[in-house]
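So you can see what is in the structure, the chains are spelled out below.
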Amino acid sequence: MKEIINGHIYDTRTSILIGEREERGSFMYKTRNGEFFIYHASPLANRHPSWINPISKSVAIRRHFRYSHNQMAFEQAFCE
């Protein structure tokens, strides 16, 4: 999914998956520019479309520990 929000491009195909919460259908990503967002996949796409929620680095750090399946180590995801 690709969305432009406030002039920033958030694209799940070109961003790096940091972690996921399968039970909620949410996936946290980091863009090439170092911006973070959560992609919310809706199981009922015809009733509730999927959406992207941009988040700050501090929010991403706090949420990283809540995700049941972390795809990327903390240092790799947040230390630049």
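Shown above is the structure to which this text applies.
All chains use their own residue numbering, which begins from 1 and follows the written sequence. It should be noted that, the model being predicted, local features are given only for residues of pLDDT at least 70 and side-chain atom pairs only at 80 or more, the latter also being counted only at that level, while totals for whole chains, interfaces and linings use all residues. Each side-chain value is derived from all of the structure's non-hydrogen atoms; neither hydrogens nor water enter the calculation.

J.: I'd like to hear about the overall build of the protein chain, residue by residue, with values.
T.: The way it works is that DSSP assigns letters per residue, a run of H or I at least four long becomes a helix, a run of E at least two long becomes a strand, and they are numbered from the N terminus. Regarding its fold elements, the protein chain presents two helices and seven strands. Ordered by position from the N terminus, the helices and strands of the protein chain form the series β-β-β-β-β-β-α-β-α. As a reference, a globule follows 2.2 Å times the number of residues to the power 0.38, and the radius of gyration itself is taken over C-alpha atoms. Computed over its C-alpha atoms, the radius of gyration of the protein chain comes to 12 Å, within 12% of the 12 Å expected for a compact globule of 80 residues. Along the three orthogonal principal directions, the C-alpha set of the protein chain runs to about 40 × 30 × 20 Å. In the protein chain, buried positions account for 39% of the 80 residues. Note on contacts: a residue pair qualifies if any of its non-hydrogen atoms lie within 4.5 Å across the two residues. By sequence separation, contacts in the protein chain at least 24 residues apart represent 39% of the contacts at least 6 residues apart. Roughly 5,300 Å² of accessible area belongs to the protein chain as shown, and the carbon and sulfur atoms make up 49% of that amount. With 11 positive and 8 negative side-chain charges, the protein chain shows a spacing of 4 Å between the two charge centroids. Exposure classes here rest on a 1.4 Å probe applied to the protein chains alone. A residue is buried below 20% of its type maximum, exposed above 50%, and partly exposed in between. With residues, only the protein chains shown are counted as cover, and all accessible areas are computed by Shrake-Rupley using a 1.4 Å probe. Residues counted as positive are Lys and Arg, residues counted as negative are Asp and Glu, and His and the chain ends are not counted. All charge positions are set by atom: Lys at NZ, Arg at CZ, Asp at CG, Glu at CD.

J.: Please provide a residue-by-residue account of the pattern of salt bridges, values included.
T.: Definition used for salt bridges: Asp or Glu carboxyl oxygen within 4 Å of a side-chain nitrogen of Lys or Arg. Tallied over the entire structure, the rule returns one salt bridge. Residue arginine 13 is joined to aspartate 11 by a salt bridge in which the shortest nitrogen-to-oxygen separation is 3.5 Å. Given the relative accessible area of 65%, arginine 13 is considered exposed.

J.: With reference to specific residues and values, describe the packing of aromatic side chains.
T.: For Phe, Tyr and Trp, rings pair up if their centres lie within 6.5 Å, where Trp contributes its six-membered ring, and each pair is then called stacked (planes under 30 degrees apart), edge-to-face (over 60) or tilted (otherwise). Following the criterion strictly, the structure yields six aromatic pairs and no others. Ring geometry for tyrosine 29 against phenylalanine 37: centres 5.2 Å apart, planes inclined by 10 degrees, an arrangement best described as stacked. For phenylalanine 37, a relative accessible area of 0% corresponds to the buried category. Taken together, a centroid distance of 5.0 Å and an interplanar angle of 45 degrees make the contact between phenylalanine 74 and phenylalanine 78 tilted. In this pair, phenylalanine 74 and phenylalanine 78 both sit in helix H2 (residues 74–78), four residues apart, roughly one turn of the helix. Residue classification places phenylalanine 74 among the partly exposed residues on the basis of a relative accessible area of 26%.

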